[in-house]
Amino acid sequence: KAGVTQTPRYLIKTRGQQVTLSCSPISGHRSVSWYQQTPGQGLQFLFEYFSETQRNKGNFPGRFSGRQFSNSRSEMNVSTLELGDSALYLCASSLEGVMNTEAFFGQGTRLTVV
Amino acid sequence: DAKTTQPNSMESNEEEPVHLPCNHSTISGTDYIHWYRQLPSQGPEYVIHGLTSNVNNRMASLAIAEDRKSSTLILHRATLRDAAVYYCIEKTGGTSYGKLTFGQGTILTVHP
């Protein structure tokens, strides 16, 4: 079956702009989580959506937001981009997003802010 | 957040077994231990998870100590493709829906 698909794979944006990233989960998976990966901070949890509702949120400023659609596809948005937002953004899907389920990650979107 | 401790790096030779340790001394009775790995230029990949007893799958085995304060991921015959960063994660309950708390992981180098 198809894996987790993230688009686009690469993005270059200018400071102050906004960006929207997309994630299509594995068919049947209702939980989608987003992570930011940087060399300095490693992998950090952004937020998780389940059945169109945000269930969990990490410690990121309000410039980072997301949503989930009825088909479980998810988007995350970053407004007023800063240089420090340059990172690999990963999404992961799972059946329920709880303790005893595995997560499947996409290949990520590499965002560069200049 | 629940925290695990892993060695920064380990090395192995191809076709030899590899034992990757993880300490999770503050684990609670309902927390699962998950292992993921990340190959270069890819997203993390699920390896295995368990609660109390040892677990096996096609990729690896997970040995969990009786007191659950530590565990070991076992790759039975390392290949070059197993070179990756391995993350041991305590998957906590409560409201931690969909959240995996990654530490720095163990960088595994496999020599031909």
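### A short note on empty space enclosed by the protein
Then, number 1: As enumerated under the stated definition, the model contains 1 cavity of 30 Å³ or more in all.
Then, number 2: Considered as a void within the structure, the largest cavity measures approximately 100 Å³ in volume.
Then, number 3: If you trace the largest cavity, you find 15 residues lining it, with Ser94, Gly97 and Ala103 of chain A together with Gly98 and Leu100 of chain B closest to the centre.
Then, number 4: Of all the secondary structure elements, the ones that give two or more residues to the lining of the largest cavity are β4 (31–38) and β9 (87–94) of chain A.
Then, number 5: The residue makeup of the lining of the largest cavity, split by class, is 6 nonpolar, 7 polar and 2 charged.

### Some details on the sheet that holds strand β7 (residues 64–68) of chain A
All names here are of chain A.
Then, number 1: Strand order across the open sheet formed by 4 strands is β1-β3-β8-β7, with antiparallel pairing between neighbours. Each edge of the open sheet carries a strand with a single partner, namely β1 (5–7) and β7. Within the sheet, the average angular offset between the axes of one strand and its neighbour, ignoring direction, is 20 degrees.
Then, number 2: The pairing of β1 with strand β3 (residues 19–24) spans 3 bridges and is antiparallel. Pairing of Gln6 across the sheet is with Cys23, part of β3.

### A few points about the interface of chain A and chain B
Quoted interface sizes are often the accessible area lost when the parts come together.
Then, number 1: Each side of the interface is counted separately: chain A has 20 residues, and chain B has 23 residues.
Then, number 2: In this assembly, chain A packs against chain B so that about 1,900 Å² is buried in total across both faces, 55% of it on carbon and sulfur atoms.
Then, number 3: By the criterion of area lost to chain B, the three top residues of chain A are Leu43, Met99 and Phe105 of chain A, representing 33% of everything that side buries.
Then, number 4: Taken together, the links from chain A to chain B amount to 0 salt bridges.
Then, number 5: For the side of chain A that touches chain B, the secondary-structure elements that each account for two or more residues are β4, β5 (42–50) and β6 (53–57) of chain A.
Then, number 6: When residues of the side of chain A that touches chain B are assigned to their parent elements, the largest contribution, 4 residues, is made by β4 of chain A.
Then, number 7: Along the lines of polarity and charge, the residues of the side of chain A that touches chain B split into 8 nonpolar, 9 polar and 3 charged.

### A word on the pattern of salt bridges
Residues and elements named next belong to chain A.
Then, number 1: Scanning the model with the defined rule gives 9 salt bridges over all chains in all.
Then, number 2: One salt bridge connects Glu48 with Arg55, and the closest N-O pair in it is separated by 2.7 Å.
Then, number 3: Take Arg55: its relative accessible area is 24%, and that puts it in the partly exposed class.
Then, number 4: By sharing partners, the salt bridges in this structure join Arg63, Glu82 and Asp85 into a single network.

### So, unusual backbone geometry
Residues and elements named next belong to chain A.
Then, number 1: Residue Thr7 is joined to Pro8 through a cis peptide bond whose omega torsion reads -10 degrees.
Then, number 2: In this fold, Pro8 is placed in the loop between β1 and β2 (10–13).
Then, number 3: One non-glycine residue, Glu52, adopts positive backbone phi at about 70 degrees.

### Focus: the pairing of strand β4 (residues 45–50) of chain B
Residue and element names in this part refer to chain B.
Then, number 1: For β4, the tally of buried residues reaches 5 of 6 residues, placing the bulk of the element in the interior.
Then, number 2: Pairing analysis gives 5 bridges linking strand β3 (residues 32–38) to β4, with the strands arranged antiparallel. Of the residues in β4, the one forming a bridge with Trp35 is Ile48.
Then, number 3: Between β3 and the antiparallel strand that follows it, β4, lie 6 residues; Ser41 among them carries a positive phi value of about 65 degrees.

### Focus: the state of the cysteines
Put plainly, two cysteines are in a disulfide when a covalent bond ties their sulfur atoms together.
Then, number 1: Counting across every chain of the model gives 2 disulfides over all chains.
Then, number 2: One disulfide in the model links Cys23 of chain A with Cys91 of chain A; its S-S distance is 1.8 Å. Between Cys23 of chain A and Cys91 of chain A, the S-S dihedral sits near 65 degrees, and the bridge is therefore right-handed. Of this pair, Cys23 of chain A sits in strand β3 while Cys91 of chain A sits in strand β9, and the two are 68 residues apart along the sequence.
Then, number 3: By relative accessible area, Cys23 of chain A is classed as buried at 0%.
Then, number 4: Paired through a disulfide, Cys22 of chain B and Cys88 of chain B show a sulfur-sulfur distance of 2.0 Å.

Cut-offs used in this document
Residues numbered from 1 in each chain as written. Chains lettered and ligands numbered in written order. Predicted model: local features only at pLDDT ≥ 70, side-chain atom pairs only at ≥ 80, totals over all residues. Heavy atoms only, no water. 1 Å grid on protein atoms, 1.4 Å probe; cavity = no way out; pocket = protein on both sides within 12 Å on 5 of 7 lines; lining within 4 Å. Points joined across faces, edges and corners; volume = space filled by probe spheres on them. Helix = DSSP H or I, 4+ residues; strand = E, 2+ residues; numbered from the N terminus. Nonpolar A, V, L, I, M, F, W, Y, C, P; charged D, E, K, R; others polar. Pairing = 2+ DSSP bridges. Axes fitted to C-alpha atoms, helices over the stretch in contact; angles between N-to-C directions. Contact = heavy atoms within 4.5 Å. Buried area = accessible area lost by both parts, 1.4 Å probe. Salt bridge = Lys/Arg side-chain N within 4 Å of Asp/Glu carboxyl O. Buried < 20%, exposed > 50% of the residue type's maximum accessible area, 1.4 Å probe, protein only. Disulfide = S-S within 2.5 Å.

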